[in-house]
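Read off the chains here:
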Amino acid sequence: MYAFNYHAPKTVRQAATLLAKNEDGKVLAGGQTLLPTMKQRLASPSALIDLNHAEGMSGIEQKGRNIVIGAMTRHADVATSAVVKNALPALAALAGGIGDPAVRNRGTIGGSIANNDPAADYPSAVLALGATIVTNKRKIAADDFFQGMFATALEEGEIIVKVSFPIPSKAAYEKFPNPASRYALVGVFVAKKGADVRVAVTGAGSNGVFRSKECEAALAARFNAKSLDGVKVSASGLNADMHASADYRAHLIPVMAKRAVDKALAK
Amino acid sequence: MSAKTGVGAPVLRKEDFRFITGKGQYTDDINRQDQAHAYFLRSPHAHATIKKLDISAAKSAPGVLGVLTGDDLAADKIGGLICGWMIHNKDGSPMKAGAHPALAQGKVRYVGDHVAVVIADTYAQAKDAAEKIVVDYQVLPAVVDMNKAKSSAAIHDVAPDNVVYDWHLGDKAATDAAFSKAKHVTKIDLVNNRLIPNAMEPRAAIGDFDAGTGVYTLYTTSQNPHVARLVLSAFVGIAPEHKLRVIAPDVGGGFGSKIFIYAEETVCVWASKKVGRPVKWTADRTEAFLSDAHGRDHISHAELALDDKGKILGLRVQTKANLGAYLSTFSSCVPTYLYAPLLSGQYDIPAIYVEVEGIYTTTAPVDAYRGAGRPEATFLVERIIEKAARETGTDPATFRRKNFIKSFPHQTPVIMAYDTGNYTASLDLALEMADYKNFAKRKKDSAKNGKLRGIGFSAYIEACGIAPSAAVGSLGAGVGLWESAEIRVNPVGTVEVLTGSHSHGQGHETTFAQLVADRLGIDIDSVAVVHGDTDKVQFGMGTYGSRSGAVGMSAIVKAVDKVIAKGKKVAAYALEAAEKDIQFKDGRFSVAGTDKSLAFGEVALQAYIAHKFNGQDLEPGLKEGAFYDPTNFTFPSGVHICEVEIDPDTGTTDIVKWTAVDDFGNVINPMIVEGQVHGGIAQGVGQALLEGAHYNADGQLVTASYMDYTMPRADDLPSFDIGMTNTPCTTNPLGIKGCGEAGAIAAPPAVINAITDAVGHEDVPMPATPYAVWQACQKGARKLAAE
Ligand SMILES: Cc1cc2nc3c(=O)[nH]c(=O)nc-3n(C[C@H](O)[C@H](O)[C@H](O)COP(=O)(O)OP(=O)(O)OC[C@H]3O[C@@H](n4cnc5c(N)ncnc54)[C@H](O)[C@@H]3O)c2cc1C
């Protein structure tokens, strides 16, 4: 790790000001991604603007037909929240399946979404549920937010403050973990809200999270695992590495989608 | 002496209170006054010549005390690291061992190779300064694929074709003759995947030169501190033995990887004199992945000849063994003498012929890793046996039973003479415990749920109790493999046991104390076990090859017997009786036929005060030592049965049942033995399903972190059903065979035999990841469709 300046702002506004002032500064959330990269000297921010002391950035509440989660809310808190478990159990289960207890107790939803790791779990939920990302500057629709591997719509100096998830009628997440990292090799989040069915896939795409049109079309007709029988997902544009070929990932997408649909309907 | 702590009792581990309350003293916990920190600049290339190495900017960086390179080593006449086992080629010529300098001398040969060391006040300063070292590399082609190594760029001038040795064992003519009579020949091609040991505690070292006495002290994460001292003194030339003390304090796991003498401890101890300060280094996890000696990595072809009744006539094996970029301390013997002599397995095989090529590649050195050669042998034997059973339409248990060795002692055609065993007994118990007879029904039930169920056997043998010194000497070993022990009885009868064995997770503080307390009839808490310091223990060969029980404890009982003999002499004086009338039992010396007796502690006191005898007739004191050299290896064996259920949609393998029946001979502490079995199976399942070191074509280690290298986790493993049979070893006084490696040896073929049974063909690699098994399922499906 190289030397850096450290700031602990008390508000989002102060954080934004500090971020603007410090060229090459970065906000620090749970630090689960940022700190290991700094330790390995792969990142060398001039300053860390620590969001852990900024007020009003964490917490979970139900607002009408939405679940609103502060950006600094830890995975463990989402996983165990009575509000989330009641209204959006698929999201609680997803959060409970991230990393290990230490990671879940530090890692945050804002950090995960801002980072947009192509194998992270949260992006699939954000995209499938059509969530809205609220920053210190604006509101961004999920469909516009994720812009490829580790790339998002966030502009320089923009800080995620909260994420608002519309409550679906049915939803579930099914993750096939990478055997080593246990990030998603293929993770599929299915959500049904009225006639609208969305299927978001993480881990598989070489451009990060995406919606599977094939699965969505099949499930729009009838929201049932059987509808996915024979659905083939194209391997083009999918990741290939030592853990899985593009073909294997393509194969796993409908398999995981089926299991997610079964799970969504079982509730 | 209470039955609760005697030999055979599941005594809780004495050392665990210290460990689980964070009171262990590992090398990194030790801090010397004024210590400085070392950072090793490592090669980013697999293979390159160093055209220029400019350290000037680094030398003047803040906090830097010294920047040392291979030139400095040469100037100080510090020798290279050695390989302590000479292997000879088929033609009798010696193997080709390239030089192994602790810091590069003109060339780097794997990613992670040591280019230079920076020593500074803090670790961060050393690391910062290392970034200022300018290295001009001329990159050479990486050599990663063993099959192409012969025609690739030479890694060492001495071995232009990258072949270290071309070795063989067995009778070729007899084996060819056996094959010419064969009714059926089973053939198999196997890859034994490369593993990275991953001890929980990374390697670490502190070199501390005392200018006042001229003595160097090295604190290091070693499984055998005396061997480290011997090598660093006699071969590397750091200092003569009496001026070099090596301390291996608490060590957090080794699995073989801490047997070897590495560049880092060599440099730290040497550099401590150069910079005039203690020098400390602790590997980070990335360094551990890159530079700990790796394990396994074989490519083999084997053929098994059968007669018309399914009896084995002969076995033919060709193996290429990856030895990495340099020959690590014992690397040369692992794929030769620790491998080929085990290829008879539990079977009566009249003729065996094995050829092994040791190959240099531009990868980390490969050396002994839990099991060392024996897992590779067992994997080969048990895979080809299973395949032969399938090809001849024989039940795999029946096929094994038919070919088991049934009378002992048994001389195999590949050196080993098995003293004892009862393979049928282990198989019978395992079949019973695994409910083998109802397997077909379970398979049907799985099929109903869309799952593929399979069952796999592994009837393993290993050679432990390493090793008879003269025998290994005749095979090329540079050292003897006896063990030493000393029993120091204190005046009030408490006891210190000094042992040349080294505990780094095995629980010696408990089992050794259990044995000594039992023999002397004293309380287990009156016995302390001392190990891991060359200033305390005179000499020893350390712990590996499941030798601490069979060899280390045998040395201890030999010393205990001497203590009792001396005690009888003392007691004779104290009890005013003839020595021949003194009996020792349950912790008391008594005069036969009388009620006169003294407790062990009372005799100890008499020995030290020496009031009752004349010091010229009998020496005062009570302290005895012994060296024990085994007369044979020991041969633990057993049968493991693995049952799997595979989800063909994802390729996920679920181990639904694990039966392990082991014959370890006599057991001192069954709880510790079960722990060893659990850990061994976990590592074996790791090899079979999860772990695999992977270098890309450029020689970069792709699996250099836990993001890509899959360590077994608790939820990857089933609950184990453990059973034991016992045919005591006949060649050591305790009847112990050893248990430390059995699980890691037995498990891989059991898993792969189960998976190949489930998918219906033999083409399943290790690690059998979901991706690999899914591919295997696709192949199986195609085959079925074609039929
Ligand atoms: C061992 C391990 C296992 C893991 N396993 C999984 C897994 O299975 N699935 C999974 O999805 N994730 C996994 N993770 C990632 C983890 O869950 C975190 O979500 C992730 O590291 C980022 O969250 P963080 O709060 O730690 O962010 P940080 O590391 O603090 O920050 C990450 C990046 O986001 C930026 N950032 C943070 N907060 C904000 C904000 N509010 N606004 C704008 N930018 C921001 C930072 O500047 C930084 O660039 C794992 C991590 C580890 C260490």
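Here the structure is a predicted model, which means the values were calculated and not measured. (Residues numbered from 1 in each chain as written. Chains lettered and ligands numbered in written order. Predicted model: local features only at pLDDT ≥ 70, side-chain atom pairs only at ≥ 80, totals over all residues. Heavy atoms only, no water.)

### Side note on the layout of surface pockets
Residues and elements named next belong to chain B. For clarity, the cut-off: Two kinds of site are reported from a 1 Å grid over the protein atoms alone, namely cavities, where a 1.4 Å probe fits but cannot get out, and pockets, open sets with protein on both sides within 12 Å along at least five of seven lines, and residues are called lining when an atom falls within 4 Å of a point. Grid points are joined across faces, edges and corners, and a volume is the space filled by probe spheres set on the points. Only DSSP runs of H or I reaching four residues or more are called helices, and only runs of E reaching two or more are called strands; each is numbered from the N terminus. Residue polarity follows a fixed list, in which Ala, Val, Leu, Ile, Met, Phe, Trp, Tyr, Cys and Pro are nonpolar, Asp, Glu, Lys and Arg are charged, and the others, Gly among them, are polar.
One number sums up the size of the second largest pocket: a volume of about 1000 Å³. In terms of lining residues, the second largest pocket is bounded by 40 residues, among which V191, N193, P765, M766 and P767 are the most central. Top contributing element to the lining of the second largest pocket by residue count: strand β8 (residues 184–195), with 7 residues. A per-class count over the lining of the second largest pocket returns 18 nonpolar, 11 polar and 11 charged.

### Quick word on the pattern of salt bridges
Residue and element names in this part refer to chain B. Convention followed: Take a side-chain nitrogen of Lys or Arg and a carboxyl oxygen of Asp or Glu: if they are within 4 Å of each other, that pair is a salt bridge. Each residue is assigned to one of three classes by its accessible area relative to the maximum for its type, calculated with a 1.4 Å probe on protein chains only: buried under 20%, partly exposed between the two thresholds, exposed over 50%.
As enumerated under the stated definition, the model contains 68 salt bridges over all chains in all. Among the ionic pairs, R42 bridges to E264, the shortest N-O distance being 2.8 Å. Separated by 222 residues along the polypeptide, R42 in strand β1 (residues 36–42) and E264 in helix α7 (residues 263–275) bring together distant segments of the chain. Relative accessible area serves as the criterion here: at 12%, R42 is assigned to the buried category.

### A word on the packing of aromatic side chains
So the rule is basically this: We call Phe, Tyr and Trp rings a pair once their centres come within 6.5 Å, taking the six-membered ring for Trp, and we label the pair stacked below 30 degrees between planes, edge-to-face above 60, and tilted otherwise. Whether a charge sits over a ring comes down to the Lys NZ or Arg CZ being within 6 Å of the ring centre and within 35 degrees of the ring normal.
According to the stated counting rule, one finds 27 aromatic pairs over all chains in the structure shown. Put simply, the rings of F176(A), Y248(A), Y771(B) and W774(B) touch in pairs and so form one group of aromatic residues. Here R41(A) stacks its cationic end above the ring of Y2(A), 4.4 Å away from the centre of that ring.

### Examining the domain arrangement of chain B
Residues and elements named next belong to chain B. The criterion, for reference: Residue ranges assigned to the domains are those given by an automatic or database domain assignment. Buried area: the accessible surface (1.4 Å probe) lost by two parts on joining, summed over both. The term polar contact refers here to a pair of N or O atoms within 3.5 Å; inside protein, the definition further demands a hydrogen-donor-capable atom paired with an acceptor-capable atom, and it admits residues adjacent in sequence only when both atoms are side-chain atoms.
By the assigned domains, chain B splits into domain 1 (16–22 + 482–628) and domain 2 (421–462 + 633–787). Of note, the centres of domain 1 and domain 2, computed from C-alpha atoms alone, are 41 Å apart. Buried surface at the junction of domain 1 and domain 2, summed over both partners, amounts to about 1100 Å²; 61% is from carbon and sulfur atoms. Taken together, the connections running from domain 1 to domain 2 amount to 0 salt bridges. The tally of links between domain 1 and domain 2 comes to 5 residue pairs in polar contact (both at pLDDT 80 or more). Going through the elements one at a time, α14 (508–520) and α15 (548–574) are the ones with two or more residues in the side of domain 1 that touches domain 2. Across the side of domain 1 that touches domain 2, the residue classes tally to 5 nonpolar, 10 polar and 1 charged.

### Quick notes on the site of the ligand
Residues and elements named next belong to chain A. Operational definition: Definition of nearness: a residue and a molecule or strand are near each other if at least one heavy atom of the residue lies within 4 Å of the molecule or strand. Surface accessibility in these figures is a Shrake-Rupley result with a 1.4 Å probe; residues are shielded only by whichever protein chains are displayed.
Neighbouring the ligand are 28 residues, the closest being V27, G31, Q32, T33 and T108. Between the ligand and the protein, one listed contact pairs an oxygen atom with a backbone N or O atom of G30 at 2.8 Å. At 2.8 Å from an oxygen atom of the ligand is found a side-chain nitrogen or oxygen belonging to H75. Burial of the ligand by the surrounding chains reaches 89%, relative to a free accessible area of 950 Å². Elements represented by at least two residues in the shell around the ligand include exactly β2 (25–28) and α7 (109–115). Looking at side-chain class alone, the shell around the ligand contains 13 nonpolar, 10 polar and 5 charged residues.

### Quick word on the interface of chain A and chain B
Condition: Residues are treated as being in contact if the distance between any of their heavy atoms lies within 4.5 Å.
Counting residues at the interface gives 22 residues for chain A, matched by 23 residues for chain B. Buried surface at the junction of chain A and chain B, both sides included, amounts to about 1800 Å², of which 52% is carbon and sulfur. When the buried area of chain A at its contact with chain B is split by residue, R41(A), R182(A) and M242(A) rank highest and sum to 30% of it. Our count for the chain A to chain B interface comes out at 6 salt bridges. Run the count over chain A and chain B and you get 15 residue pairs in polar contact (both at pLDDT 80 or more). When grouped by side-chain class, the residues that make up the side of chain A that touches chain B number 11 nonpolar, 6 polar and 5 charged.

### Quick notes on the environment of Y544(B)
Residue and element names in this part refer to chain B. By secondary structure assignment, the location of Y544 is in the loop between β21 (527–530) and α15. Residues Y544 and G465 lie 79 residues apart in sequence; the distance between their C-alpha atoms is 9.0 Å. Those residues within four positions of Y544 in sequence are excluded, and the remaining contacts are Q223, N224, I259 and L481. Within the structure, the side chain of Y544 is placed 2.7 Å from the backbone oxygen of M541, a separation counted as a polar contact.

### Focus on the packing of helix α9 (residues 374–391) of chain B against helix α10 (residues 396–403) of chain B
Residues and elements named next belong to chain B. Rule in force here: Whenever a helix is involved, its axis is fitted only over the stretch in contact; in every case the axis is a line through C-alpha atoms, and angles between N-to-C directions fall within 0 to 180 degrees. By definition in this entry, angles of less than 35 degrees are roughly parallel, angles greater than 145 are roughly antiparallel, angles of 65 to 115 are roughly perpendicular, and the rest are oblique. Crossings are assigned a handedness: left-handed for a near helix turned anticlockwise from the far helix by less than a right angle, right-handed for a clockwise turn.
Close contact between α9 and α10 brings their axes to 9 Å; oriented N to C, the two are set at 115 degrees. If you check the angle between α9 and α10, you find them roughly perpendicular. When the axes of α9 and α10 are compared, the crossing they make is right-handed. From α9, E382, I385, E386, A388 and A389 reach across to α10, where they touch P396, F399 and R400.

### A word on the domain arrangement of chain A
All names here are of chain A. Along its sequence, chain A is organised into domain 1 (5–51), domain 2 (60–166) and domain 3 (170–266). Look at where the C-alpha atoms of domain 2 and domain 3 centre, and you get two points 19 Å apart. Listed per partner, the contact involves 21 residues of domain 2 and 21 residues of domain 3. Of the roughly 1700 Å² buried between domain 2 and domain 3 on both sides combined, carbon and sulfur atoms contribute 63%. Applying the counting criterion to the domain 2 and domain 3 interface returns 3 salt bridges. Among the ionic pairs, D143 bridges to R198, the shortest N-O distance being 3.0 Å. Summed over the shared surface of domain 2 and domain 3, the number is 11 residue pairs in polar contact (both at pLDDT 80 or more). If you list the elements that add at least two residues to the side of domain 2 that touches domain 3, you get α5 (89–96) and α8 (122–128). Per-element accounting of the side of domain 2 that touches domain 3 gives the leading share, 5 residues, to α8. Here the residues of the side of domain 2 that touches domain 3 are counted per class, giving 14 nonpolar, 4 polar and 3 charged.

### Describing the side chain of T319(B)
Secondary-structure assignment places T319(B) in strand β14 (residues 312–324). There is a polar contact of 2.7 Å between the side chain of T319(B) and the side chain of S300(B).

### A few points about the environment of I78(B)
Residue and element names in this part refer to chain B. As for its placement among the helices and strands, I78 is situated in the loop between α3 (70–75) and β4 (107–108). Here I78 falls in the buried class, since its relative accessible area comes to 11%. Distance in space between the C-alpha atoms of I78 and E265 is 13 Å, their sequence separation being 187 residues. Excluding residues within four positions of it along the chain, I78 makes contact with L73, V236, G237, I238 and W270.

### Thoughts on empty space enclosed by the protein
All names here are of chain B. Inspection of every chain in the model, using the stated rule, returns 5 cavities of 30 Å³ or more. Estimated volume of the largest cavity: approximately 110 Å³. Around the largest cavity sit 15 residues that line it, and L81, H100, I261, Y262 and P365 are the ones nearest its centre. Among the residues forming the lining of the largest cavity, the class breakdown is 9 nonpolar, 5 polar and 1 charged.

### A word on the packing of helix α17 (residues 670–690) of chain B against helix α18 (residues 742–759) of chain B
Two packed helices can be described by the angle between their axes and the distance between those axes. All names here are of chain B. Relative to each other, α17 and α18 sit at 45 degrees, their axes nearing to 7 Å. On the basis of the axis angle, α17 is oblique to α18. Read as a crossing pair, α17 and α18 show a hand that is right-handed. Across the interface between the two elements, V677, G680, I681, Q683, G684, V685, Q687, A688 and L689 of α17 pack against G743, A744, A747, P748, V751, I752 and I755 of α18.

### Thoughts on α14(B)
As a reminder, the rule being used: A helix's residues, less one, multiplied by 1.5 Å, set its expected span.
With 13 residues, α14(B) ought to run about 18 Å at 1.5 Å a step, and its terminal C-alpha atoms sit 17 Å apart, in line with that. Considered for burial, the residues of α14(B) that qualify are H508(B), E509(B), T510(B), T511(B), F512(B), A513(B), Q514(B), L515(B), V516(B), A517(B) and L520(B).

### Comments concerning the sheet that holds strand β20 (residues 495–499) of chain B
Residues and elements named next belong to chain B. What counts is decided by this rule: By the convention used here, strands pair only if DSSP detects at least 2 bridges between them.
Taken in spatial order, the 4 strands of this open sheet run β21-β20-β19-β25, and their pairing is mixed. The sheet is open, and its two borders are formed by β21 and β25 (623–628), each paired with just one other strand. Each strand axis lies, on average, 15 degrees off the axis of its neighbour in the sheet, ignoring direction. Sheet topology places strand β19 (residues 483–489) next to β25; 6 bridges connect them, and they run antiparallel. Across the sheet, R488 pairs through a bridge with K623, a residue of β25.

### Regarding helix α1 (residues 12–21) of chain A
Think of an α-helix as turning once every 3.6 residues; residues three or four places apart then point the same way. Residue and element names in this part refer to chain A. Rules: For this quantity, the arc is that covered by the directions from the helix axis to the C-beta atoms.
For α1, the full list of buried residues reads V12, A15, A16, L18 and L19. Burial along α1 is one-sided: seen end-on, the buried residues are contained in an arc of 165 degrees. Opposite its buried face, α1 presents the exposed residues R13, A20 and K21, each directed more than 90 degrees away. Buried residues belonging to α1 abut β1 (5–7), β2, β3 (47–50) and β8 (160–166).

### Section: the sheet that holds strand β27 (residues 652–663) of chain B
Residue and element names in this part refer to chain B. If you walk across this open sheet you meet the 4 strands as β18-β26-β27-β28, and the pairing is mixed. On the outer flanks of this sheet lie β18 (452–461) and β28 (720–725), each paired with one strand and no other. Sheet twist, expressed as the average angle between the axes of neighbouring strands with direction ignored, equals 15 degrees. In this fold α18 packs onto β18, β26 (637–647) and β27, with an angle of close to 150 degrees to the strand it touches most, β18.

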